[in-house]
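Breakdown of the fold
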Amino acid sequence: FPTRRSSDLNNYTHVENVAICYYSNKQYEKSIIYFDKANQFAANTSGKSSFFKAMSYLAIGNKNLGCIAFKDAKVRNYPGVDTYIASNCK
């Protein structure tokens, strides 16, 4: 974060959005760091951070960690993740 306000640190969606920006810019290693931070929030139960963390791992060629993240997204009920698990995690 260039500047941090206390509200940013208490809202996982802000952290998740930073991660998505890194992901969109193909800075996958940085995106993973922020997806991990977003997943540390108890309120983050959607699985989105885990799903895109998995996609980041796949993009850098780490299928094993990608599959672990996909499975976490499944636990968090992220929609459609079963298709990605079936095609990437055999």
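It should be noted that the structure appears before, not after, this text.
Described below are features of the structure shown in this document. The model shown is predicted, which means the values in this text are computed figures rather than measured ones.

What follows covers the side chain of Ser-49. Among the secondary structure elements, Ser-49 is positioned in helix H4 (residues 48-59). The class for Ser-49 is buried, based on a relative accessible area of 0%. In terms of polar contacts, Ser-49 uses its side chain to reach the side chain of Glu-16, at 2.5 Å. Setting aside residues no more than four positions away along its own chain, Ser-49 makes contact with Glu-16, Phe-35, Ala-38, Asn-39 and Asn-44.

Attention shifts here to the nonpolar core. Judged by nonpolar contacts, the single largest core of 18 residues is most densely connected at Tyr-23, Phe-51, Phe-70 and Val-81. For this core, the secondary-structure elements that each account for two or more residues are helix H2 (12-24), helix H3 (28-39), H4, helix H5 (63-75) and helix H6 (81-88). Every residue in contact with Tyr-23, bar those within four places of it in the chain, is listed here: Tyr-28, Ser-31, Phe-35, Phe-52, Met-55 and Ser-56.

It is worth spelling out the pattern of salt bridges at this point. Summed over all chains, the structure comprises three salt bridges. The closest approach of N and O atoms between Asp-82 and Lys-74, which form a salt bridge, is 2.6 Å. On the accessibility criterion, Asp-82 (45% relative accessible area) is partly exposed. Take Lys-74: its relative accessible area is 41%, and that puts it in the partly exposed class.

This part is about the packing of H5 against H6. The relative placement of two packed helices is expressed as an angle between their axes plus a distance between the axes. It is at 9 Å that the axes of H5 and H6 come closest, and there the two elements cross at 155 degrees. It follows that H5 is roughly antiparallel to H6 by the angle criterion. Judged by the sense of rotation from one axis to the other, the crossing of H5 with H6 is left-handed. When H5 is examined against H6, the residues Lys-63, Cys-67, Phe-70, Lys-71, Ala-73 and Lys-74 are found in contact with a partner set consisting of Val-81, Asp-82, Tyr-84, Ile-85 and Asn-88. Of the residues that constitute the contact of H5 with H6, the class distribution is six nonpolar, one polar and four charged.

Rules behind the numbers
- Residues numbered from 1 in each chain as written.
- Predicted model: local features only at pLDDT ≥ 70, side-chain atom pairs only at ≥ 80, totals over all residues.
- Heavy atoms only, no water.
- Helix = DSSP H or I, 4+ residues; strand = E, 2+ residues; numbered from the N terminus.
- Buried < 20%, exposed > 50% of the residue type's maximum accessible area, 1.4 Å probe, protein only.
- Polar contact = N/O pair within 3.5 Å; in protein donor to acceptor, adjacent residues only side chain to side chain.
- Contact = heavy atoms within 4.5 Å.
- Core = buried A, V, L, I, M, F, W, Y, C linked by side-chain atoms within 4.5 Å.
- Salt bridge = Lys/Arg side-chain N within 4 Å of Asp/Glu carboxyl O.
- Axes fitted to C-alpha atoms, helices over the stretch in contact; angles between N-to-C directions.
- Parallel < 35°, antiparallel > 145°, perpendicular 65-115°, else oblique.
- Left-handed = near helix turned anticlockwise from the far one by under 90°.
- Nonpolar A, V, L, I, M, F, W, Y, C, P; charged D, E, K, R; others polar.

The values reported here are purely geometric and, on their own, carry no functional implication.
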